[in-house]
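Summary of structural features
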Protein chains: 2
Amino acid sequence: MAVGHVPFPAMPALDGVRLGTTRAGIGKAGRRDLVVIELPDTASVAGVFTRNAFCAAPVQVAREHLAACRRQGQAPRYWLINTGNANAGTGAQGLDDARESCRALAAEAGLPAHRVLPFSTGVIGEALPMEALLAGITPAFAARSGQSEAWEQAAAGILTTDTQLKGASVEVPLGDRRVTLNGIAKGSGMIRPDMATMLGFVVTDAAVAPALLERLLRQAVDRSFNCITVDSDTSTNDACLLAATGQGAEIATDDEIRAFADGLEQVLVALAQAIIRDGEGATKFVTLDVVGAASRREALDVAFTVAHSPLVKTALYASDANWGRILAAVGRAPVADFDVERVTIDLDEVRLVEGGGRAPGYTEAAGSAVMAREEIGIRIDLGRGDSDARVWTSDLSHEYVSINADYRS
Amino acid sequence: MAVGHVPFPAMPALDGVRLGTTRAGIGKAGRRDLVVIELPDTASVAGVFTRNAFCAAPVQVAREHLAACRRQGQAPRYWLINTGNANAGTGAQGLDDARESCRALAAEAGLPAHRVLPFSTGVIGEALPMEALLAGITPAFAARSGQSEAWEQAAAGILTTDTQLKGASVEVPLGDRRVTLNGIAKGSGMIRPDMATMLGFVVTDAAVAPALLERLLRQAVDRSFNCITVDSDTSTNDACLLAATGQGAEIATDDEIRAFADGLEQVLVALAQAIIRDGEGATKFVTLDVVGAASRREALDVAFTVAHSPLVKTALYASDANWGRILAAVGRAPVADFDVERVTIDLDEVRLVEGGGRAPGYTEAAGSAVMAREEIGIRIDLGRGDSDARVWTSDLSHEYVSINADYRS
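Computed from a predicted model, the values in this text were never measured in an experiment.

1. Focus on the overall build of chain A
Scanning chain A from terminus to terminus reveals eleven helices and 16 strands. Taking 409 residues into account, the globule formula puts the C-alpha radius of gyration at 22 Å, and chain A, at 22 Å, falls close to it. Along the longest, intermediate and shortest principal axes, the C-alpha atoms of chain A span 70 × 55 × 35 Å. Across the 409 residues in chain A, those meeting the buried criterion constitute 63%. Looking at chain A alone, contacts between residues at least 24 apart form 81% of all its contacts between residues at least 6 apart. Accessible area for chain A stands at about 13800 Å²; split by element, carbon and sulfur atoms hold 47% of it. Distance between charge centroids for chain A: 2 Å, based on 38 positive and 51 negative side chains.

2. Digging into the interface of chain A and chain B
The interface is formed by 49 residues belonging to chain A together with 49 residues belonging to chain B. Regarding the contact of chain A and chain B, the summed buried area is about 4300 Å², with carbon and sulfur atoms giving 61% of it. In this structure, the connection of chain A to chain B is made through zero salt bridges. Counting across the interface, chain A meets chain B through five residue pairs in polar contact (both at pLDDT 80 or more).

3. Digging into the relation of the copies chain A and chain B
Its rotation angle being 180 degrees, the transformation that places chain A on chain B also includes 0.0 Å of axial translation and leaves an RMSD of 0.0 Å. On this basis, the relationship between the two copies can be described by a two-fold rotation axis. Residue His398 of chain A, judged by its C-alpha, is the member of chain A lying nearest the rotation axis, at 2.7 Å. When the interface residues of chain A are mapped onto chain B, 100% of them are again interface residues, pointing to one common binding face.

4. Quick word on the domain arrangement of chain A
All names here are of chain A. Once the domains are mapped, chain A shows domain 1 (18-277) and domain 2 (285-393). Between the C-alpha centres of domain 1 and domain 2 the distance comes to 34 Å. Contacts between the two partners involve 15 residues from domain 1 and, on the opposite side, twelve residues from domain 2. When domain 1 packs against domain 2, the two sides together hide about 1100 Å² of surface, and 60% of this comes from carbon and sulfur.

5. Structural notes on helix H10 (residues 364-371) of chain A
Residues and elements named next belong to chain A. Listing the buried residues of H10 in full gives Gly367, Val370 and Met371. The arc that holds every buried residue of H10, seen down its axis, measures 100 degrees, which confines them to one face. Against the buried residues of H10 lie helix H8 (310-317), strand E12 (344-347), strand E13 (350-354) and strand E15 (375-381).

6. A word on the side chain of Lys284 of chain B
Residue and element names in this part refer to chain B. Relative to the elements of secondary structure, Lys284 occurs in the loop between helix H6 (254-277) and strand E11 (285-293). Asp395 is the oppositely charged side chain nearest to the buried, salt-bridge-free Lys284, at an N-O distance of 6.4 Å. Of the polar contacts made by the side chain of Lys284, one reaches the backbone oxygen of Arg373; its length is 2.9 Å. Discounting chain neighbours no more than four positions away, the residues touching Lys284 are Val3, Leu316, Ser319, Met371, Ala372, Arg373, Glu374, Ile376, Thr393, Ser394 and Asp395.

7. Remarks on the packing of helix H7 (residues 296-308) of chain B against helix H9 (residues 323-332) of chain B
All names here are of chain B. The contact between H7 and H9 brings their axes to 8 Å, and the two run at 135 degrees. By the angle class used here, H7 and H9 are oblique. Helix-helix and strand crossings are classified by hand; for H7 and H9 the assignment is right-handed. When H7 is examined against H9, the residues Val302, Thr305 and Val306 are found in contact with a partner set consisting of Ile326, Ala329, Val330 and Arg332. Here the residues of the contact of H7 with H9 sort into five nonpolar, one polar and one charged.

8. Quick notes on H9 of chain B
Of all ten residues that make up H9 of chain B, ten are buried, and the element is covered over most of its length. Listing the buried residues of H9 of chain B in full gives Trp323, Gly324, Arg325, Ile326, Leu327, Ala328, Ala329, Val330, Gly331 and Arg332 of chain B.

9. Some points on the packing of aromatic side chains
What the rule picks out here adds up to eight aromatic pairs over all chains. Residues Tyr78 of chain A and Phe141 of chain A carry aromatic rings whose centres are separated by 5.9 Å and whose planes lie at 50 degrees to one another, so their mutual orientation is tilted. On the criterion of sequence distance, the pair formed by Tyr78 of chain A in strand E4 (residues 78-85) and Phe141 of chain A in helix H3 (residues 130-142) is long-range, its members being 63 residues apart. Look at Tyr78 of chain A and you get buried, because its relative accessible area is 3%. On the basis of relative accessible area, Phe141 of chain A is assigned to the buried category, the value being 10%. Taking the centre distance of 6.4 Å and the plane angle of 65 degrees together, the rings of Phe338 of chain A and Phe54 of chain B count as edge-to-face. With Phe338 of chain A in the loop between helix H9 (323-332) and E12 and Phe54 of chain B in the loop between strand E3 (44-49) and helix H1 (57-71), this pair bridges two chains. Of the residues examined, Phe338 of chain A reaches a relative accessible area of 13% and is grouped as buried. A relative accessible area of 3% means that Phe54 of chain B is categorised as buried.

10. A short note on the pairing of strand E8 (residues 199-204) of chain A
Residues and elements named next belong to chain A. E8 sits mainly inside the fold: six of its six residues count as buried. Summarising the sheet, strand E7 (residues 177-186) and E8 pair through six bridges and their orientation is antiparallel. Bridge pairing links Ile184 to Phe201 in E8.

11. Quick look at the pattern of salt bridges
Tallied over the full model, the rule gives 38 salt bridges over all chains. Two residues, Arg18 of chain B and Glu38 of chain B, come together in a salt bridge whose shortest N-O distance is 2.7 Å. Here Arg18 of chain B, found in strand E1 (residues 18-22), pairs with Glu38 of chain B, found in strand E2 (residues 34-38); they are 20 residues apart in sequence, far enough to count as distant. Exposure remark for Glu38 of chain B: the relative accessible area of 6% places this residue in the buried category. Ionic pairing is found between Asp289 of chain B and Arg390 of chain B, a salt bridge with its closest N-O pair at 2.8 Å. A residue pair is termed long-range when its members are at least 10 positions apart, and Asp289 of chain B in strand E11 and Arg390 of chain B in strand E16 (residues 387-394) qualify at 101 residues. Taking relative accessible area as the criterion, Asp289 of chain B reaches 17% and is therefore assigned buried. The structure contains a network of salt bridges with shared partners spanning Arg18, Glu38 and Arg144 of chain A.

12. Things to note about the sheet that holds E13 of chain A
All names here are of chain A. The strand order E9-E16-E11-E15-E12-E13-E14 describes an open sheet built from seven strands, whose pairing is mixed. Taken across any chain shown, the strands that pair with only one partner, and hence form the sheet edges, are strand E9 (228-229) and strand E14 (357-358). As defined by bridge partners, E9 adjoins strand E16 (residues 387-393) across two bridges and the pair is classed as parallel. Of the residues in E16, the one forming a bridge with Ile228 is Trp392.

13. Focus: the packing of helix H1 (residues 57-71) of chain A against helix H2 (residues 91-109) of chain A
All names here are of chain A. Contact geometry for H1 and H2: axes closest at 8 Å, N-to-C directions at 55 degrees. As judged from the angle between their axes, H1 and H2 are oblique. The crossing of H1 and H2 is right-handed. Contacts between H1 and H2 pair Ala57, Pro58, Gln60, Val61, Glu64 and His65 from the former with Gly94, Leu95, Ala98, Arg99 and Cys102 from the latter. A class-by-class count of the residues in the contact of H1 with H2 yields six nonpolar, three polar and two charged.

14. Details of the sheet that holds E8 of chain A
Residue and element names in this part refer to chain A. On the basis of which strands lie adjacent, the open sheet formed by five strands has the order E3-E10-E8-E7-E6 and mixed pairing. Lying at the two open borders of the sheet, with one neighbouring strand each, are strand E3 (44-49) and strand E6 (167-174). Taking the axes of each pair of neighbouring strands and ignoring which way they run, one obtains an average angle of 15 degrees across the sheet. Relative to strand E10 (residues 239-244), E8 runs parallel, the two sharing six bridges. Each bridged residue has a counterpart across the sheet, and for Leu199 the counterpart in E10 is Ala239.

Thresholds, definitions, all that
- Sequence positions are assigned chain by chain, starting from 1 and proceeding in written order.
- Chains and ligands are labelled sequentially in the order written, the chains with letters from A and the ligands with numbers from 1.
- Whole-chain, interface and lining totals are the exception, using all residues; otherwise, since this is a predicted model, local features are given only for residues with pLDDT of at least 70 and side-chain atom pairs are given and counted only at 80 or more.
- In computing side-chain properties, one takes all heavy atoms of the structure into account and sets aside hydrogens as well as water.
- Helical segments are the DSSP runs of H or I of at least four residues, strand segments are the runs of E of at least two, and each set is numbered from the N terminus.
- Each radius of gyration reported is based on C-alpha atoms, and the globular scaling rule is 2.2 Å times the count of residues to the power 0.38.
- Only protein chains enter the accessibility calculation, which uses a 1.4 Å probe; a residue whose area is less than 20% of its type maximum is buried, one above 50% is exposed, and one in between is partly exposed.
- Contact criterion: two residues are considered in contact whenever any of their non-hydrogen atoms come within 4.5 Å of each other.
- Method for areas: the Shrake-Rupley scheme with a 1.4 Å probe, in which residue coverage is limited to the protein chains shown.
- The charge count treats Lys and Arg as positive and Asp and Glu as negative. His and the chain ends do not count.
- Charge positions come from single atoms, namely NZ of Lys, CZ of Arg, CG of Asp or CD of Glu.
- Note: buried area is the sum, over both parts, of the accessible area (probe 1.4 Å) each one loses when the two are combined.
- For this analysis, a salt bridge means a side-chain nitrogen from Lys or Arg found within 4 Å of a carboxyl oxygen belonging to Asp or Glu.
- N or O atoms within 3.5 Å of each other form a polar contact, as long as, within protein, one can give a hydrogen and the other can take it, and as long as residues adjacent in sequence are counted only when both atoms are side-chain atoms.
- When the copies are overlaid, the least-squares fit takes in C-alpha atoms only where the residue has pLDDT of at least 70 in both copies.
- Residue ranges for the domains trace back to a domain assignment, done automatically or taken from a database.
- This arc is taken over the directions from the axis of the helix to the C-beta atoms.
- Note on definitions: angles span 0 to 180 degrees between N-to-C directions of axes, and those axes are lines fitted to C-alpha atoms, for helices only across the stretch in contact.
- In this scheme, roughly parallel covers angles under 35 degrees and roughly antiparallel covers those over 145, while 65 to 115 is roughly perpendicular and the rest are oblique.
- In this scheme, a crossing is called left-handed if the near helix is turned counterclockwise away from the far one by less than a right angle; it is called right-handed if the turn is clockwise.
- Note on residue categories: nonpolar means Ala, Val, Leu, Ile, Met, Phe, Trp, Tyr, Cys or Pro, charged means Asp, Glu, Lys or Arg, and polar means any other residue, Gly included.
- Only rings of Phe, Tyr and Trp enter the pairing, Trp through its six-membered ring, and a pair is recorded when the two centres are within 6.5 Å. The plane angle decides the type: under 30 degrees is stacked, over 60 is edge-to-face, the rest tilted.
- Here, any two strands with at least 2 DSSP bridges between them count as paired.

Below, the structure is given as structure tokens:
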């Protein structure tokens with residue numbers, strides 16, 4: 001179940017970038033579950049990670065290795081991703097396992113272990129099945145290819161409860177030159193700001209200095225992956241990585257930076273939206289705009305209060321224009337001195353709420369017509385200022401409960 | 001569907017207190033939907049109301065009338081409660097309707113309108129069906145009685161999606177005297193701190209000064225109704241009222257105040273727990289203790305982060321000892337400088353988490369045995385300080401989605 005189908009795009013080859021995927025048998029699914037992504041020695045790499053205090057072993061090791069690379073003026077050469085097991089809540093054993101995985105891949109490539117960053121997603125709290133994982137590294141390494149098909153196989157190899165491949169590719173023109181950004185992602189539940197069970201891997205052929213790359217990644221994540229929510233739960237394993245191979249055009253002037261930042265945001269928003277479309281049990285894709293807020297923080301607070309409301313989400317699922325639930329959610333958002341008289345709420349082209357209550361011209365028929373759509377826009381104007389936020393979310397369905405009540409069984 | 005059955009208690013008669021109930025035909029259910037509660041002229045009355053910025057018309061009018069009574073050194077004589085329609089999001093018309101309802105009951109009793117406090121619960125955003133409501137006032141007024149049966153009928157008359165009557169009665173010994181507290185409540189969804197779609201009406205024969213009554217009510221609400229959550233949504237209509245008729249013993253000394261406060265908390269906790277047991281679609285009753293917190297605020301933040309987590313709630317529904325989801329929810333709670341190594345998590349008598357991961361002695365069989373229970377205790381020790389909080393919640397089931405996707409259809 002997913003809202004709309006976004007076909008997996010053709011991925012242009014990027015010099016020095018190869019992806020290898022295999023079925024290592026880590027999870028139960030019998031599908032591709034181990035992915036190696038190789039970057040050239042000329043790359044810069046930036047990453048943002050979960051803020052969950054219980055962050056998983058691979059997140060800790062990825063951070064350590066990234067820092068070690070930086071201290072030596074290097075970048076990681078490999079990303080190693082497994083699905084089927086999150087290696088989270090696994091204590092000292094988990095850290096050992098993540099490090100050993102890196103060592104095994106590094107040995108294949110003849111590099112020190114810190115040039116490999118590990119990523120895991122899947123069940124929390126069970127030990128990584130190291131025998132299967134280690135046995136998978138050689139075939140995954142051998143399968144490396146730079147072709148579009150390799151990107152598609154890698155996109156398949158990082159999925160858990162996802163039902164669709166998630167990829168995006170953008171070309172950014174820079175005068176007579178151009179750079180390419182290819183991205184893949186996974187995630188469909190436990191999705192909320194500050195990253196969620198979300199893995200995103202983006203590679204560009206641009207040449208971008210590490211500090212600039214880091215800043216541009218954080219900025220784009222704040223407008224994409226940090227603006228989506230399925231169920232308000234943040235995972236222990238989230239990570240979004242961005243590599244700039246340095247094989248193509250350099251990004252240095254203000255114009256170049258602006259164009260590149262736009263292209264990057266476009267890729268991350270496409271991936272973030274794909275995650276919401278494939279949200280667990282999703283039957284609706286909702287774009288929630290909060291405008292007229294006193295600050296962006298306030299706009300985000302209102303947007304997420306509405307987006308997390310189980311009553312709003314079940315009304316969306318039922319295609320019920322129960323605007324009272326939206327109004328009640330707005331009303332309980334953490335906003336000081338809220339003047340409800342100034343708030344308006346629109347469902348696509350239909351005004352629902354005005355002057356503290358149902359809008360005068362509103363009819364149930366008009367509201368129901370919008371709610372019947374698969375893709376719905378909710379626009380909330382607080383009438384307090386000039387700040388805004390856009391957040392994407394899905395509904396709460398029987399299927400969501402089934403998926404999450406049955407995940408381990 | 002509800003977790004356990006708590007029989008409706010015998011309610012001792014309280015001098016000067018009478019309750020009248022009728023079927024006015026306000027909602028569709030064809031059941032008792034209009035309740036009048038009469039208090040003697042000697043009463044003090046305290047109330048706490050929703051903090052939702054979009055508070056409903058009856059909440060606004062109840063606050064106004066309570067203030068008007070206080071200015072004149074009086075107390076309200078009547079509480080008028082309808083179900084089937086919340087009179088929320090109804091603008092100026094809603095305020096007119098709430099005031100007119102009060103005038104109609106006040107006219108029956110030969111009093112000014114401000115001696116009546118109105119309460120409404122049900123669908124948001126539709127005009128109160130005034131014809132039916134006004135026609136019901138005379139029969140409800142005529143039906144007044146002080147007998148236990150009248151309490152039970154009133155408890156039935158305030159329900160919406162509730163499946164069980166909610167009542168509690170406590171006798172508080174004060175040396176050779178004693179006072180009685182009788183309470184009824186409604187609520188089963190849209191339940192979270194700061195009151196939720198919760199109505200509670202408690203009457204005692206004690207004599208308590210208004211300012212003291214207000215303070216004791218707030219204190220008890222903070223340990224009961226503000227410590228429960230079904231689905232994190234706060235309603236526009238919540239109210240909890242406490243009347244002390246003054247016909248019985250006076251509460252004045254420190255010992256008397258302490259004993260009365262304990263009795264009041266006992267009644268409110270019993271009503272709050274009854275709401276959770278009857279939570280929409282609830283199949284589990286969960287007592288969540290957070291201890292070792294640096295402050296009560298922090299303990300509450302962690303408790304509610306866990307209690308609101310859809311992934312924790314669906315795991316509870318599935319009787320799946322998926323402790324990783326509890327750990328992930330604790331990890332994303334808004335707590336600064338969290339040392340995950342010091343956190344322990346217990347499920348009843350079974351230690352789940354210790355030292356940042358699964359507890360050494362933990363077995364899936366032991367966890368599953370606890371999760372199979374209908375009533376489960378989760379205890380989270382943060383190892384940071386001496387503050388604690390206890391919160392009650394329920395699970396997230398298919399039935400919850402059905403109830404809230406079908407509520408208006």
